[in-house]
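Examining the three-dimensional arrangement
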Amino acid sequence: MNVPTQMQALVQRHDGYANTQTGPMIDDLSPLLTHQTIPVPTPGPGQALIKVHLAAVNPSDVHFIKGEYGQPRIKGIPAGFEAVGEVVAGDTPLVGQRVSFFASASGTWAEYAMTDVSGLVPCRPEFADVDAAGQLVNPLTAIAMFDLVRQSGADSFVLNAAGSQLGKLLIGLGRDAGIKPIAVVRRAAQGDALRALGAAEVIVSHSSDAIGAASDVFKTLKPRVLLDAVGDQFTADLFFLMPSHARWVNYGKLSTEKPALGEMGQLIFQNKVIEGFWLTRWMKQTDPTRIPQAFAEIQERFVTGQWKTDVAGIVPLSKAMADLPQVLGKPDGKAFIDARC
Ligand SMILES: NC(=O)c1ccc[n+]([C@@H]2O[C@H](COP(=O)([O-])OP(=O)(O)OC[C@H]3O[C@@H](n4cnc5c(N)ncnc54)[C@H](OP(=O)(O)O)[C@@H]3O)[C@@H](O)[C@H]2O)c1
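Residues numbered from 1 in each chain as written. Predicted model: local features only at pLDDT ≥ 70, side-chain atom pairs only at ≥ 80, totals over all residues. Heavy atoms only, no water.

A word on unusual backbone geometry. One non-glycine residue, Ala-161, lies in the positive phi region at around 45°. Ala-161 gets classed as buried once you look at its relative accessible area, which sits at 17%. For His-245, which is not glycine, the phi torsion reads 70° and is therefore positive. When you line up the elements, His-245 lands in the loop between helix H7 (233-241) and strand S12 (247-250). By relative accessible area, His-245 is classed as partly exposed at 40%. (Buried < 20%, exposed > 50% of the residue type's maximum accessible area, 1.4 Å probe, protein only. Helix = DSSP H or I, 4+ residues; strand = E, 2+ residues; numbered from the N terminus.)

Here the focus is the pattern of salt bridges. Per the counting criterion, the structure on display carries 13 salt bridges. Ionic pairing is found between Asp-310 and Lys-308, a salt bridge with its closest N-O pair at 2.5 Å. Of the charged contacts, one joins Arg-340 and Asp-338 as a salt bridge, the two residues approaching to 3.1 Å between their closest N and O atoms. The class for Asp-338 is buried, based on a relative accessible area of 14%. Taken together, the shared-partner salt bridges connect Arg-98, Asp-129, Asp-338 and Arg-340 into one network. (Salt bridge = Lys/Arg side-chain N within 4 Å of Asp/Glu carboxyl O.)

On to helix H4 (residues 165-177), then. In this model, H4 (13 residues) spans 19 Å end to end at C-alpha, consistent with the 18 Å of a helix rising 1.5 Å per residue. Within the sequence span of H4, burial applies to Gln-165, Leu-166, Gly-167, Lys-168, Leu-169, Leu-170, Ile-171, Gly-172, Leu-173 and Gly-174. Residue Gly-178 follows H4 closely and has a positive phi angle near 70°. (Expected span 1.5 Å × (residues − 1).)

This paragraph deals with the pairing of strand S4 (residues 82-90). Judged from the 7 bridges that link them, strand S3 (residues 47-57) and S4 form a sheet pairing that is antiparallel. For Val-52, the partnering residue across the bridge sits in S4 and is Gly-85. Bridge analysis of S4 against strand S5 (residues 98-102) gives 5 bridges, and the strand direction is antiparallel. Residue Ala-83 lies in a different strand from S5, and its bridge partner there is Phe-101. (Pairing = 2+ DSSP bridges.)

What follows concerns the UniProt feature "domain: Enoyl reductase (ER)" (unreviewed entry) in the protein chain. Cross-referencing UniProt, the feature "domain: Enoyl reductase (ER)" (unreviewed entry) maps to residues 24-337 in the present numbering. With 33% helix and 24% strand, residues 24-337 has end C-alpha atoms that lie 17 Å from one another. (UniProt positions renumbered as here; feature names shortened; annotations may be inferred.)

This paragraph deals with the domain arrangement of the protein chain. When cut into domains, the protein chain gives domain 1 (6-134 + 309-338) and domain 2 (138-281). Of note, the centres of domain 1 and domain 2, computed from C-alpha atoms alone, are 29 Å apart. With 16 residues of domain 1 in contact, the opposing surface of domain 2 contributes 11 residues. Buried surface at the junction of domain 1 and domain 2, both sides included, amounts to about 1000 Å², of which 47% is carbon and sulfur. Residues Asp-310 and Lys-168 are paired through a salt bridge, measuring 2.7 Å at the closest nitrogen-oxygen approach. (Domains from an automatic or database assignment. Contact = heavy atoms within 4.5 Å. Buried area = accessible area lost by both parts, 1.4 Å probe.)

Here you go:
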């Protein structure tokens, strides 16, 4: 494939961190990004250049461009963490193949992106582009965190933001393993769809009897793990209702609330634990054989219909500055950027 010298990209306007905490919503990209024509990056030793097909837009991307994520922004470099595309150049036998990847050197909201060859994940032909574009961040996190659920030995677990893409993947894992998902959402309208997916119970955080309902469910099902992407007061209150030895695993900060921890004695006397999960750290620390196994399982689950990606909308790269915020605001699905148009 002939690689041009110039490409379209959504380029970051700022370096470093913003020291704010405003959540994953955004209504105007222009203070943070510009649509520019920039040189196509040249891969160095151990790197690959990928022609991007479809990039998934995750909450972590929005936190990142706002300067609110766990790694600093670099001014002048395209944004976007994960995508699917074709390897067009680099130090790898995968040139010509369709791969999912996490861009470590030049971001995915561009016609071309660059990453380390060790991070390329070849895709089965029947694995759809919308599933492949989001193969790394959410599915791998779901599999990694579900290992914690299995290790707990309980036959139920609690998850919030349960209507998120990641929440739905976790519900599917619980359903298939016979470990009952207790789904927490803020909108009652999501309840039926999540029960149909496999949620054993649905707790609506904004309902007047939410704490009483959770208390009854926890007494019956005795969950030991709370997988939390929200980090609000309701989640803290839920954790202190859970039985002894419960583990609160925070992996996202969708809420801007600062929860008060009212029952710290439970950490001492009931052996309860509060901890964080970050996929980036897990990938460095886990047994390296676990990761290719996980990708095989992920592709199998999507191809056989055990998992699916709900799509809120696909925005052309050329129109993303104007159209992406509106698609990000739609409920119950993922936004994507099509880098081919
Ligand atoms: N730590 C890690 O390594 C890691 C890896 C992957 C993902 N994550 C995190 O996982 C979370 C889910 O990601 P995703 O891609 O699956 O998200 P998504 O599909 O974009 O869905 C976002 C969800 O967040 C909910 N939400 C937003 N603000 C909320 C709030 N203030 N209170 C309660 N719920 C709220 C939305 O609920 P409504 O439908 O009610 O709007 C929606 O269900 C994100 O926080 C992401 O950063 C972390």
